[in-house]
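# Remarks on the overall topology
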Amino acid sequence: MERSFDLEMKTGAAATPARKPARSRRFRPPTVSGTQALSVKAAFAALSIGVLFLVWYLGTRYRVHFYIRFQNVPAPFEVFREATKVAGSNTFSANIVNSLRRIFAGFFVALVMGVGVGLVVGRYRIARQLIMPAVEVLRPIPAIAWVPMSIMLWPTTESSIVFITFIGAFYPILLNTVDGVESLDGVLLRAGRSLGASEAQLFRHVILPGVLPNVFTGLAVGMGVAWVSLIAAEMISGQYGVGYYTWEAYSLVNYPAIVLGMITIGALGLLCSGAIRLIGQLAMPWLAYVNGARK
Amino acid sequence: MTQTNNGRIDCNNIGVVFGSGEAQTEAVKDVSITVHPHEFVSLIGPSGCGKSSLLSIVAGFTKPTRGTATLDGVPIRKPGAERGVVFQQYSLFPWLRVRENVEFGMRMAGVSRSRREGTARTLLGLAGLLAFENHYPDELSGGMKQRIGIVRALAAGPQVLLMDEPFGALDTQTRTVMQEILTNMWQRFRLSVLFITHDIEEAVFLSDRIYVMTARPGRIKAEIRVPLPRPRTPAMFETPEFVELVQRLKTLIREESLAAMGSELTSGGVEGFSIDMGPNGVEELL
């Protein structure tokens, strides 16, 4: 999980070397083969997604019934019609805004707490021995299993859904941060201290930037889990939100809306993960030069 | 800074013991060394003799089991900016550009941005690295990284410089050049230096005085003054004094390396390697 994101980050950064051309020794100008590789990549991506649509189209066009059943699955154009219908409606955009607000609220709290607790737990053995047993006991409980308890705990549905989202994002961020502090090269800490850094300065200027790559790995994973948790929570207890929209469509036997809901969920998830990756690249420009980054 | 005679390191009867109970090993035994102000002192010895432990104590990273280490009479308890350290491993902060790395110590001390920048640029210029001030460490070669490591330690304004085999990871060519750069920089700054190495030529070329340590547990076996004039130049590698001194040190070190590898090896050659094997031969041993 961690490694794959790491690679993505690095190759992602390597794909856009034009940011600092003159300074980088290893900078290679985009060559013919480079642009060719890019267009080949784009062509394959289009093909990959195109096949998905083709299967969907053919399945619904011929009402395939081969163990799995396409009878009730809406065709692409029906979904498209549904999309144009809701495009102007306030309820649909309200659903999106609601989901995004919940994810940002839950994710933000998870970020602050996960990184904060993670730094302390990673650095101090006492904190680790005090906090980690409780974390390890709670961690195997999936965020979705928290839904009933969350409804009991929190005064409003809204806050209970945000709590579920937080639960989903918290553990990956925490554990990756702890891992980052523990795997931080000790020589950097010794260097910092012998250059006169106090403990607080060490946290701010050595440990925090040192674990940033791990934090972003945790954020990427956490964002994925947060979406899963949010959608489930909205389906079960929600009012508004794209998860609620999708479940409501099922209840109302509005099949095109189900698929539209799914596509919306996927697109929003993609958008959020992409945003994190982009912020990661902007926040950690040095990763573009780490050994092996330009394979 | 008002004192003129600062930068004196004293290690008094230092002992280091690792582990406890059965697994106890004595790494350093009763070592007393001194680095006088403005003096370049090397510590050489076979691997595992505890020379790095000693440097770690002076740096304040570890505490000795016995004895005391002081800087200008003040006991050393923790790391501090007055004792700059250059590590064997690359230790630049990968997230900071070269100049930001060099400015790190001054930034911790609250020096203003413009003064930091001025000092860092001056030092980088002296080391011939100004052109790389905006690079990230991972863009640079190993030799450059170590030079920047030295510049970064100097920029924090230390009274002494502690160097733990700083050129150990470099190839021979780069290493020779680095030694020349270091001796030139030392000529300019005249800091007290405690330098750890296992390279005898390197120690002779750079030092005013050399301590030779014994195999584990490490003790001081000999203290040798290097009579070569300063400034040092690469041409000195060929002089009879240099060659003779290196030869003397090699003999001293060889005895210790043999001792470190076990008593069955003697100066007369390799003995004690005959192994009694049963009828099954080597398989029995494995």
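Right above here is the structure, for reference.
As the structure is a prediction and not an experimental result, all values here were calculated from the model.

The next thing to look at is the sheet that holds strand E6 (residues 83-86) of chain B. Residue and element names in this part refer to chain B. Overall, mixed pairing links the six strands, which are arranged E6-E7-E8-E3-E9-E10 in an open sheet. Each edge of the open sheet carries a strand with a single partner, namely E6 and strand E10 (220-225). Across the sheet, the mean angle separating the axes of adjacent strands is 15 degrees when strand polarity is ignored. Sheet topology note: the strand E9 (residues 209-213)/E10 ladder contains five bridges and is antiparallel. Bridging from a neighbouring strand, Ile 210 pairs with Ile 224 of E10.

A word on the nonpolar core. One finds Ile164(A), Ala169(A), Met223(A), Leu54(B), Val58(B), Leu162(B) and Leu194(B) to be the most contacted residues of the largest nonpolar core, which totals 128 residues. For this core, the element with the highest residue contribution is helix H9 (residues 199-237) of chain A, accounting for 17 residues. Setting aside residues no more than four positions away along its own chain, Ala169(A) makes contact with Gly106(A), Phe107(A), Ala110(A), Gly222(A), Met223(A), Val225(A) and Ala226(A). Counting residues in each nonpolar core, the second largest holds five residues, with Val79(A), Ala257(A), Ile258(A) and Leu260(A) among its members.

A few words on the interface of chain A and chain B. Listed per partner, the contact involves 21 residues of chain A and 24 residues of chain B. Mapped by element, the contributors of at least two residues to the side of chain A that touches chain B are helix H8 (186-194) and H9 of chain A. For the side of chain A that touches chain B, the element with the most residues is H8(A), which contributes six residues. Here the side of chain A that touches chain B is built from residues that sort into eleven nonpolar, five polar and five charged.

For the rest of this paragraph, the subject is the sheet that holds strand E4 (residues 66-71) of chain B. Residues and elements named next belong to chain B. Pairing is antiparallel across the open sheet formed by four strands, whose spatial order is E2-E1-E4-E5. Edge positions in the open sheet fall to strand E2 (25-35) and strand E5 (74-75), since each of these has one partner strand only. Pairing analysis gives seven bridges linking strand E1 (residues 9-18) to E2, with the strands arranged antiparallel. Each bridged residue has a counterpart across the sheet, and for Val 17 the counterpart in E2 is Glu 26. Running at roughly 120 degrees to E1, helix H1 (residues 51-59) makes contact with E1, E2 and E4 of the sheet.

Moving on, we get to the environment of Glu248(A). Within the secondary structure, Glu248(A) is located in helix H10 (residues 242-251). Separated by 189 residues in sequence, Glu248(A) and Gly59(A) place their C-alpha atoms 25 Å apart.

Okay, the packing of H8(A) against H9(A) next. Residues and elements named next belong to chain A. Interhelical geometry of H8 versus H9 gives an angle of 160 degrees and a closest axis separation of 10 Å. One finds that H8 runs roughly antiparallel with respect to H9. As H8 runs across H9, the sense of the crossing is right-handed. Taken together, the residues of H9 that come into contact with H8 (itself represented by Leu 188, Leu 189, Gly 192 and Arg 193) are Leu 202, His 205, Val 206 and Gly 210. The class makeup of the residues in the contact of H8 with H9 is four nonpolar, three polar and one charged.

Each value, and the rule that gives it
Residues numbered from 1 in each chain as written. Chains lettered and ligands numbered in written order. Predicted model: local features only at pLDDT ≥ 70, side-chain atom pairs only at ≥ 80, totals over all residues. Pairing = 2+ DSSP bridges. Helix = DSSP H or I, 4+ residues; strand = E, 2+ residues; numbered from the N terminus. Axes fitted to C-alpha atoms, helices over the stretch in contact; angles between N-to-C directions. Core = buried A, V, L, I, M, F, W, Y, C linked by C-beta atoms within 7 Å. Buried ≥ 20, exposed ≤ 12 C-beta atoms within 10 Å, placed from the backbone. Contact = placed C-beta atoms within 7 Å. Nonpolar A, V, L, I, M, F, W, Y, C, P; charged D, E, K, R; others polar. Parallel < 35°, antiparallel > 145°, perpendicular 65-115°, else oblique. Left-handed = near helix turned anticlockwise from the far one by under 90°.

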